[in-house]
Amino acid sequence: MSSASGISPLVSLLGLEPHPEGGWYRQTWRTSGGTVPDGYPGPRAYATGIHFLLHPGERSRWHRVRSDELWLWHRGSRLRLRLGGGGNAPDEAGARELVLGPGVEDGDRPQLLVPGGAWQDAEPLGNEPVLVSCVVAPGFDFADFAMA
C-alpha cells in the first residue's frame, strides 16, 4: 500500500534511499571477508545484500552488474525482470522476460538469477509496490555497475 504522497511506508520503515537505476534501496548485508576476484579492479566482499523496492510506474532501468545477482521476491506485485544479453548495449528486442512473484503454480518464480554482466531491467506488474532482496556475489561495488 502507498501513502497519500504515493510513496510506500516501506521506504521509511526499511530506511530506503533512491537508487540511480530507479526505485529504492538499502544495503542490508556485506560479508566481513573479501577477495580480489579475477577480472575485478580491486577487492570485493564475498557477497552483499540489499532490499529493493519499486512502486507501480517506477522502473529499474537497463543496467548491468559485473557479478551474479540473485533476486528474491518478498511481497507486493509480481515483478517482470528482463534480461537483455551481455553485449555492449541491451538487446531489448530479444530480451528474455521472467516473472518474480508468489504465483509459482502460474509460472512465477520466488527467486531468479541474473548472470554477471547481463543487461537487466525490471518493473512491477500490478498496482502494489514490490519488495525484493538482491544478493550479489562477489559483492556489489558501484565500480562494477553500468547503466545503458
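Each value, and the rule that gives it
- Residues numbered from 1 in each chain as written.
- Predicted model: local features only at pLDDT ≥ 70, side-chain atom pairs only at ≥ 80, totals over all residues.
- Heavy atoms only, no water.
- Helix = DSSP H or I, 4+ residues; strand = E, 2+ residues; numbered from the N terminus.
- Rg over C-alpha atoms; globule rule 2.2 N^0.38 Å.
- Phe/Tyr/Trp six-rings, centres within 6.5 Å; stacked < 30°, edge-to-face > 60°.
- Buried < 20%, exposed > 50% of the residue type's maximum accessible area, 1.4 Å probe, protein only.
- Lys NZ or Arg CZ within 6 Å of the ring centre and 35° of its normal.
- UniProt positions renumbered as here; feature names shortened; annotations may be inferred.
- Pairing = 2+ DSSP bridges.
- 1 Å grid on protein atoms, 1.4 Å probe; cavity = no way out; pocket = protein on both sides within 12 Å on 5 of 7 lines; lining within 4 Å.
- Points joined across faces, edges and corners; volume = space filled by probe spheres on them.
- Nonpolar A, V, L, I, M, F, W, Y, C, P; charged D, E, K, R; others polar.

Points about the overall build of the protein chain
Each helix and strand counted, the protein chain has one helix and 13 strands in total. Starting at the N terminus, the α and β elements of the protein chain follow one another as α-β-β-β-β-β-β-β-β-β-β-β-β-β. Computed over its C-alpha atoms, the radius of gyration of the protein chain comes to 15 Å, within 12% of the 15 Å expected for a compact globule of 148 residues. Dimensions of the protein chain, computed from the C-alpha atoms along their principal axes, are close to 45 × 35 × 30 Å.

Overview of the packing of aromatic side chains
All chains considered together, the criterion is met by four aromatic pairs. Pairing phenylalanine 52 with tryptophan 71 gives two aromatic rings, centres 5.9 Å apart and planes at 80°, and the pair type is edge-to-face. Note that phenylalanine 52 is positioned in strand β5 (residues 48-54) and tryptophan 71 in strand β7 (residues 68-75), a separation of 19 residues in sequence. Tryptophan 71 carries the same exposure label as phenylalanine 52, and that label is buried. Judged by centre distance (4.8 Å) and plane angle (85°), the rings of phenylalanine 140 and phenylalanine 142 are edge-to-face. The exposure class of phenylalanine 142 is partly exposed, given its relative accessible area of 40%. An aromatic cluster of three or more residues is present, and its members are Phe140, Phe142 and Phe145. Looking at arginine 66, its charged tip hangs above the ring of tyrosine 40, at a distance of 5.1 Å from the centre.

Remarks on the UniProt feature "domain: DUF985" (unreviewed entry) in the protein chain
Within this structure's numbering, the places UniProt gives as "domain: DUF985" (unreviewed entry) are residues 10-148. Annotated as residues 10-148, this span is 3% helix and 46% strand, and its ends, taken at the C-alpha atoms, are 28 Å apart.

Details of the sheet that holds strand β10 (residues 111-114)
Sheet strands line up and pair through hydrogen bonds in the backbone, either parallel or antiparallel. Spatial ordering of the open sheet is given by β1-β2-β5-β12-β7-β10, a layout of six strands whose pairing is antiparallel. Every interior strand has two partners, whereas the edge strands, β1 (17-18) and β10, have only one.

Focus on the pairing of β7
With seven bridges connecting them, β7 and strand β12 (residues 130-137) associate as antiparallel partners. The residue of β12 that forms the bridge with arginine 75 is leucine 131. As defined by bridge partners, β7 adjoins β10 across four bridges and the pair is classed as antiparallel. The partner of glutamate 69 across the bridge, within β10, is valine 114.

Points about the layout of surface pockets
Approximately 220 Å³ is the volume attributed to the largest pocket. Along the walls of the largest pocket sit 18 residues, with His19, Tyr25, Ile50, Val136 and Phe140 positioned nearest its centre. Split into classes, the residues belonging to the lining of the largest pocket amount to 10 nonpolar, four polar and four charged.

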